[in-house]
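# A structural walkthrough
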Amino acid sequence: MSPLSRSSRLRRLGLCVATGTLAALTAAAPAAMAADPQPVGQRAEASAPDPASDELSASAMQREHEAQQKEARKEAQQQGQAKPAAPKQSYKGRVIAKPYLLLRDKPTRSSRIVGSVDYGTVVSIFCKTQGDNVDGNNRWYLLSDGTWAWGSARYIENIGSAPHWC
């Protein structure tokens, strides 16, 4: 064994420290990018809501709607009315997907399937939003009859006026 000079040992130690630091930064970079994937200059810009976010999940929209209805009933009782005012608009649509339309938890093709609706069924539509593109159509309808779930607008034909935006 040949003894290493003091300067050689310090160089090796420095090289080990630098290598360890580089490895730690490389390992931390994917987590940092996932937390904030937009460049600094684009953070302040408004962007469309991410269809995969929880704010567009059918169950979150249902909870919000039920909370609003509860608040309306409470206000009606305080004002001495028997019933709160009826909802502003009721939207309807007919399923044109054969043999059935798959309903999803979020307005994306990859989200969890929560049910289906048969061809020709008339459904109640709560609102619409943008989501995954299905055969050239990126609109999705939140169905509010029975189960709150999203269905692609590509396979739902409006009856009357188009629904409002969520």
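Residues numbered from 1 in each chain as written. Predicted model: local features only at pLDDT ≥ 70, side-chain atom pairs only at ≥ 80, totals over all residues. Heavy atoms only, no water.

Grouped together as the largest cluster of nonpolar side chains are 13 residues, with contacts concentrated most on V123, I125, L143 and I156. Apart from the residues within four sequence positions on either side, V123 is in contact with Y91, K92, G93, V95, V117, L143, D145 and I156. Counting nine residues, the second-largest nonpolar core is a separate cluster that includes C127, W140, L142 and W150. (Core = buried A, V, L, I, M, F, W, Y, C linked by side-chain atoms within 4.5 Å. Buried < 20%, exposed > 50% of the residue type's maximum accessible area, 1.4 Å probe, protein only. Contact = heavy atoms within 4.5 Å.)

Put simply, the protein has an average pLDDT of 76, and 61% of its residues get 70 or more. Here residues 31-49 is modelled with pLDDT under 50, and outside its nearest four sequence neighbours on either side it reaches four contacts, counting other chains as well. (pLDDT = per-residue confidence, 0-100.)

A few words on the packing of aromatic side chains. Working definition: an aromatic ring pair is given by the centre-to-centre distance plus the angle between the planes. By the definition in use, this model includes one aromatic pair. Above the face of the Y119 ring, K98 is positioned so that its terminal group lies 5.0 Å from the ring centre. (Phe/Tyr/Trp six-rings, centres within 6.5 Å; stacked < 30°, edge-to-face > 60°. Lys NZ or Arg CZ within 6 Å of the ring centre and 35° of its normal.)

As for its placement among the helices and strands, A153 is situated in the loop between β6 (149-152) and β7 (156-159). When the C-alpha atoms of A153 and R139 are compared, they prove to be 5.4 Å apart, with 14 residues separating the residues in sequence. The residues contacting A153, other than those within four sequence positions of it, are N137, R139, W140 and Y141. (Helix = DSSP H or I, 4+ residues; strand = E, 2+ residues; numbered from the N terminus.)

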